[in-house]
Amino acid sequence: MVVNGDVIVSTGYNGNPRAMPHCEEIGCIRDELKIPSGERMEICTGVHSEMNALLFAGKDSRGGVLYTTIVPCNTCAKMIVNAGIRRVVYAEGYPDKMGLVLLEEAGIPVDRIPIELEVPLSRPEEETLEIVQAGSTLSMEEMREALARKEQLMAQIAAGKKTINEVAADIIQQRVASLKGEKES
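Note that the structure is predicted; figures quoted are calculated from it, not measured.

Draft legend 1. Up close: a nonpolar patch on the surface. Taken together, the side chains of M1, I8 and Y67 define a hydrophobic patch exposed on the protein surface, amounting to about 270 Å² of accessible area. Inspection of the secondary structure puts I8 in strand β2 (residues 7–10). On the accessibility criterion, I8 (52% relative accessible area) is exposed.

Draft legend 2. Just the environment of M1, in detail. Position of M1 relative to the elements: it lies in the segment before β1 (2–4). A relative accessible area of 35% places M1 in the partly exposed class. In this structure the C-alpha to C-alpha distance between M1 and L66, which are 65 residues apart in sequence, comes to 5.7 Å. When near neighbours in sequence (up to four residues on either side) are disregarded, M1 contacts I8, S10, T11, A53, V65, L66 and Y67.

Draft legend 3. Structural view of the nonpolar core. One finds V2, L54, L66, I80, I85, V88 and L103 to be the most contacted residues of the largest nonpolar core, which totals 21 residues. Mapped onto this core, the elements with two or more residues apiece are α3 (49–57), α4 (74–83), β4 (87–92) and α5 (98–105). Sequence-distant contacts of V2, defined by excluding residues within four places in its chain, comprise V7, I8, V9, S10, A53, L54, A57, S61, V65, L66 and I85.

Draft legend 4. Representation of the pairing of β2 in the model. Sheet topology note: the β1/β2 ladder contains 3 bridges and is antiparallel. Following the sheet pairing, V3 is matched in β2 by I8.

Draft legend 5. Structural context of the side chain of N16. Tracing the sequence through the fold places N16 in the loop between β2 and α1 (23–26). What makes N16 buried here is its relative accessible area of 9%. Side-chain polar atoms of N16 contact the backbone nitrogen of G46, separated by 3.4 Å. Setting aside chain neighbours within four positions, we find N16 in contact with P21, H22, C23, I26, T45 and G46.

Draft legend 6. A look at the sheet that holds β2. Taken in spatial order, the 5 strands of this open sheet run β2-β1-β3-β4-β5, and their pairing is mixed. Strands with a single pairing partner mark the edges of an open sheet, and in this sheet they are β2 and β5 (110–112). On average, adjacent strands in this sheet sit at an angle of 30° to one another, irrespective of strand direction.

Draft legend 7. Representation of α3 within the structure. Most of α3 sits inside the fold, with 7 of its 9 residues counted as buried. Among the residues making up α3, those that are buried are S49, E50, M51, N52, A53, L54 and A57. Where α3 is buried, its residues meet β1, β2, β3 (65–70) and α4. Remark: G58 follows α3 within two positions and exhibits a positive phi of approximately 60°.

Cut-off values and rules
Residues numbered from 1 in each chain as written. Predicted model: local features only at pLDDT ≥ 70, side-chain atom pairs only at ≥ 80, totals over all residues. Heavy atoms only, no water. Patch = residues over 30% accessible without salt bridge, like charges linked within 9 Å, V, L, I, M, F, W, Y side chains within 5 Å. Areas by Shrake-Rupley, 256 points an atom, 1.4 Å probe, with all protein chains shown as cover. Salt bridge = Lys/Arg side-chain N within 4 Å of Asp/Glu carboxyl O. Helix = DSSP H or I, 4+ residues; strand = E, 2+ residues; numbered from the N terminus. Buried < 20%, exposed > 50% of the residue type's maximum accessible area, 1.4 Å probe, protein only. Contact = heavy atoms within 4.5 Å. Core = buried A, V, L, I, M, F, W, Y, C linked by side-chain atoms within 4.5 Å. Pairing = 2+ DSSP bridges. Polar contact = N/O pair within 3.5 Å; in protein donor to acceptor, adjacent residues only side chain to side chain. Axes fitted to C-alpha atoms, helices over the stretch in contact; angles between N-to-C directions.

What follows is the structure in structure tokens.
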């Protein structure tokens, strides 16, 4: 997603170019050739979400912030630099670090903000929990607890009791403690 000021300028998605069937329909050439993620990008026919978001935004991306799920690959990073994006925010890492290095060398700040649970606002809470739970290993009770924790954290941010960085640090500390507890058992 590209945001400029307080306006969402465009969104992007991963998929094949227009009029081409999706890999889920025809099979993934990279999987068939056993090519690891982050390698031999030229083999893939897919267009990354960052590319699509920049294409859809056009000149409106200049000076904006790009939010993406995964660290941009090297090809996407080159497009981000040339589009004039001023900051990149991502949630998860990527095996190939060339994109990250390129962005840093270009002087574009890159920040990682881990995402725990996304809940679409357009659906009733119970329906959303059922959809998310269907693809999760969490029980409905655990999903409700996670949603309640998220709402508490958002209330703390809104009330000015904590910054988003403090909340992110708390979540990371909780994850580390949870992982240590799993190792000990």
